[in-house]
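Observations on the three-dimensional arrangement
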Amino acid sequence: MDIQVGDILKLKKQHPCGSKEWEVLRIGADFRLKCRGCGHQIMIARRQAEKNVREIIPADRRTDQ
């Protein structure tokens, strides 16, 4: 799976704030993701993140930059 810093990930389950979109801040063995709804940041294992992704919105396709 080709995920880059700046991409937006739409995950299967929503955050308690109601948003399903997360911005990728850091990649490696773990991902650092920032919730697009409330700004909360989490670290999540690459395997778990890739398993829960529904859609990847590349950084170059984003309209809100």
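The coordinates are above.
What comes next concerns the included structure.

Calculation criteria
- Residues numbered from 1 in each chain as written.
- Predicted model: local features only at pLDDT ≥ 70, side-chain atom pairs only at ≥ 80, totals over all residues.
- Heavy atoms only, no water.
- Pairing = 2+ DSSP bridges.
- Helix = DSSP H or I, 4+ residues; strand = E, 2+ residues; numbered from the N terminus.
- Axes fitted to C-alpha atoms, helices over the stretch in contact; angles between N-to-C directions.
- Disulfide = S-S within 2.5 Å.
- Buried < 20%, exposed > 50% of the residue type's maximum accessible area, 1.4 Å probe, protein only.
- 1 Å grid on protein atoms, 1.4 Å probe; cavity = no way out; pocket = protein on both sides within 12 Å on 5 of 7 lines; lining within 4 Å.
- Points joined across faces, edges and corners; volume = space filled by probe spheres on them.
- Nonpolar A, V, L, I, M, F, W, Y, C, P; charged D, E, K, R; others polar.

Quick word on the sheet that holds strand β3 (residues 30–35)
The strand order β4-β3-β2-β1-β5 describes an open sheet built from 5 strands, whose pairing is antiparallel. Among the strands making up the open sheet, the edge pair consists of β4 (41–45) and β5 (53–57). Between one strand and the next, the sheet's axes are offset by a mean angle of 35 degrees, whatever the strand orientation.

What to know about the state of the cysteines
Cysteine pairs can be covalently joined through their sulfur atoms, and such a bond is termed a disulfide. Applying the stated criterion across every chain, the model contains 0 disulfides. As a non-bridged cysteine, C17 has C35 as the owner of its nearest cysteine sulfur, 3.5 Å distant. The exposure class assigned to C17 is partly exposed, which follows from its relative accessible area of 39%.

A look at the layout of surface pockets
As a volume, the largest pocket reaches approximately 160 Å³. Along its surface, the largest pocket is lined by L11, K12, K13, Q14, W22, L33, I42, I44, Q48, A49 and N52. At the level of secondary structure, the elements contributing two or more residues to the lining of the largest pocket comprise β4 and α1 (46–52). In terms of residue class, the lining of the largest pocket is built from 6 nonpolar, 3 polar and 2 charged.

Some remarks on the environment of Q14
Structurally, Q14 is set in the loop between β1 (8–11) and β2 (21–26). Judged by its relative accessible area of 51%, Q14 is exposed. Sequence separation between Q14 and R47 is 33 residues, and the spatial gap between their C-alpha atoms is 18 Å.

Geometric values such as these leave the question of function open.
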